[in-house]
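Secondary and tertiary structure notes
Spelled out, the chains give:
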Protein chains: 2
Amino acid sequence: MLAYFGPQGTFTEQAARGFASPQEELVPFDTVPAALAAARSGATQWACVPVENSVEGAVPATMDALAEGEPLVAVAEAVLPVRFSVLARPGHGRVRTVASHPHALAQVRHWLAEHLPSAEVVSTASTAAAARAVLNGDFDAAVSAPVAVRHYPLEVLATDVADVRDAKTRFLVVRPPGALPEPTGHDRTSVVCTAPDRVGVLADLLAELALRGINLTRIESRPTKGRLGEYRFYIDLDGHVSEPGVGDALAALHRHCPETRFLGSYPKAEPGGPVAGNEEFVAAAEWLSDVRRGRGA
Amino acid sequence: MLAYFGPQGTFTEQAARGFASPQEELVPFDTVPAALAAARSGATQWACVPVENSVEGAVPATMDALAEGEPLVAVAEAVLPVRFSVLARPGHGRVRTVASHPHALAQVRHWLAEHLPSAEVVSTASTAAAARAVLNGDFDAAVSAPVAVRHYPLEVLATDVADVRDAKTRFLVVRPPGALPEPTGHDRTSVVCTAPDRVGVLADLLAELALRGINLTRIESRPTKGRLGEYRFYIDLDGHVSEPGVGDALAALHRHCPETRFLGSYPKAEPGGPVAGNEEFVAAAEWLSDVRRGRGA
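Residues numbered from 1 in each chain as written. Chains lettered and ligands numbered in written order. Predicted model: local features only at pLDDT ≥ 70, side-chain atom pairs only at ≥ 80, totals over all residues. Heavy atoms only, no water.

- Identification of chain A as Prephenate dehydratase from Saccharothrix yanglingensis is taken from an unreviewed UniProt entry.
- Listed in UniProt under the heading Catalytic activity (unreviewed entry), the comment for chain A reads: "prephenate + H(+) = 3-phenylpyruvate + CO2 + H2O".
- For chain A, the Pathway (unreviewed entry) comment in UniProt is given as "Amino-acid biosynthesis; L-phenylalanine biosynthesis; phenylpyruvate from prephenate: step 1/1." (UniProt positions renumbered as here; feature names shortened; annotations may be inferred.)

1. Quick look at unusual backbone geometry
Residues and elements named next belong to chain A.
- With an omega of 5°, the peptide bond running from Gly-6 to Pro-7 counts as cis.
- Relative to the helices and strands, Pro-7 resides in the loop between strand 1 (2-5) and helix 1 (11-19).
- Unlike most non-glycine residues, Asp-160 shows phi in positive territory, near 65°.
- When you line up the elements, Asp-160 lands in strand 9 (residues 155-161).
- Assessed through its relative accessible area of 43%, Asp-160 is described here as partly exposed. (Helix = DSSP H or I, 4+ residues; strand = E, 2+ residues; numbered from the N terminus. Buried < 20%, exposed > 50% of the residue type's maximum accessible area, 1.4 Å probe, protein only.)

2. With respect to the nonpolar core
- Formed by 42 residues in total, the largest nonpolar core has its most connected members in Leu-206 of chain A together with Leu-206 of chain B.
- Setting aside residues up to four positions removed in sequence, Leu-206 of chain A forms contacts with Leu-216, Ile-219 and Ile-235 of chain A together with Leu-202, Ala-203 and Leu-206 of chain B. (Core = buried A, V, L, I, M, F, W, Y, C linked by side-chain atoms within 4.5 Å. Contact = heavy atoms within 4.5 Å.)

3. Quick notes on the relation of the copies chain B and chain A
- Least-squares fitting of chain B to chain A yields an RMSD of 0.0 Å, with the transformation described by 0.0 Å of translation along the axis and a rotation of 180°. Each copy turns onto its partner about a two-fold axis. Relative to the rotation axis, the C-alpha of Glu-220 of chain B is the closest in chain B, positioned 2.2 Å from it.
- Comparing interface residues between copies, 100% of those in chain B also lie at the interface in chain A; the contact surface is shared. (Least-squares fit on C-alpha atoms with pLDDT ≥ 70 in both.)

4. Examining the domain arrangement of chain A
Residue and element names in this part refer to chain A.
- As far as domains go, chain A holds domain 1 (1-80 + 168-178), domain 2 (84-161) and domain 3 (179-297).
- A separation of 24 Å is found between the C-alpha centroids of domain 1 and domain 3.
- Listed by partner, the interface residues are 24 residues for domain 1 and 22 residues for domain 3.
- When the two sides are added together, the surface that domain 1 and domain 3 hide from each other amounts to roughly 1,900 Å², 47% of it contributed by carbon and sulfur.
- Among the residues of domain 1 in contact with domain 3, Met-63, Asp-64 and Glu-77 are the three that bury the most area, contributing 27% of the side total.
- As a salt-bridge pair, Arg-232 and Glu-68 come within 3.1 Å of each other at their nearest N and O atoms.
- Linking domain 1 to domain 3 there are 15 residue pairs in polar contact (both at pLDDT 80 or more).
- Those elements giving two or more residues to the side of domain 1 that touches domain 3 turn out to be strand 3 (46-52), helix 3 (59-67), strand 4 (73-81) and strand 10 (168-175).
- For the side of domain 1 that touches domain 3, the class distribution of residues is 14 nonpolar, two polar and eight charged. (Domains from an automatic or database assignment. Buried area = accessible area lost by both parts, 1.4 Å probe. Salt bridge = Lys/Arg side-chain N within 4 Å of Asp/Glu carboxyl O. Polar contact = N/O pair within 3.5 Å; in protein donor to acceptor, adjacent residues only side chain to side chain. Nonpolar A, V, L, I, M, F, W, Y, C, P; charged D, E, K, R; others polar.)

Here it is, written out as structure tokens:
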């Protein structure tokens, strides 16, 4: 069973389907913390949640919930293009009303002005809620995630709808700590470091990565809730914790910042980014081992 | 005239009112880019836009729009607590429906469960749209920004409503480059650096700040649109560009990253954070000047 931030028919479900086996049961939850709680308690094996530029929000909630409470570790990521389908009731007449989440509507504004200029635009709690409301006869059309047609027998008026062509959303599949995914050579590692707000703490952390030739793919700072003057740094980097360079770098982060939490090493959804060399780490460790045993200098 | 991300009655208007003089005309715009375009063209003197944890979204749009196009510079920031007012039609009966933006509804879920457990919850495009719909008789109550009652003659059922007590939103007031606000001793400076995605580029930038004792208050990375393998780093730091230490640091950022854009030095809305010492920069500059003129060593 895989928990996801619902309802059914949203981009998060679409991301979850990309990961799940065909037989797997997918269970929608109302909130990100509720989906994560299901994975933490063992009620489900995994949870799929948005972590970056989500159409329907909830990203800050995800980041906070991963940094606090029982640890969860990512085993996969999904990157989806933000492309909507426009769905209508079969046999509908002229489209007078079109509904979706405000963030989705903001991303198809030009398309609507061109293709449905006279339609009234109505906001709903999610893109899927819009599709359901169309099925119920409340509105004529919905701007939805492509996966919505799995749940709602609606007519597809248009696909691949987006004003901005290269917008993307990113999701993680997480579960409690266990055996890590095997390294593939194209992996990403996520960590969150909680540190007191002193000058230079983040520069120290990033210098440890740079000194080891490790590429940072994302960083975001957020103040911790309730503990004044403390920050969390969410760091994504290229490589797998089982690689010597990445492992050495994470140990260095932990030396600077004991409240460093491992959020997973998992295959990148999209290729690219330089891969740090590991040979010199292996050679250096062998040399040190020889020196310590009196076999070299 | 001050442009803001509308509609009337939202948190962004509330932030704009804290900055504007009482006589100032405030003009709502449908989107963040439209509000910024008004300030860029001179149609309005200023624009007020959300930059962090906004209730109604649009923050990524703000960040992209400030980094691109004609430069705009912040002259003030506003930090508002996320506390809602619940508004109803005067003379209403039992509250059967309550409306707001999905993000606002997510932040008052517990309050609604306790105080209006049987009310149906409906999403709208903004918190202000909910208030307007209540006035029109579409719904019984709205979860809105406190400022909404200025525009909609509704009964205040509750104020200071929030499930999480310490959530905050942050806004900037921007205008085209011109005379900077005077330093106050409690200022923040914002810059955005666009850099090729090479290992260690951000570590280099942050080391320049740390070496000068300059405190970072926020960092966020975003890939640039359209230019593959390039990142933007949005950096907020303590201090004013007119201070020797901050100025020296910004010049260093520009040496590493020619595409560094100054987004403003402005008084911090909330006090706190260490202030970097400037005396040693002044003393060092005087020493260097003496050395160069043959008057010291």
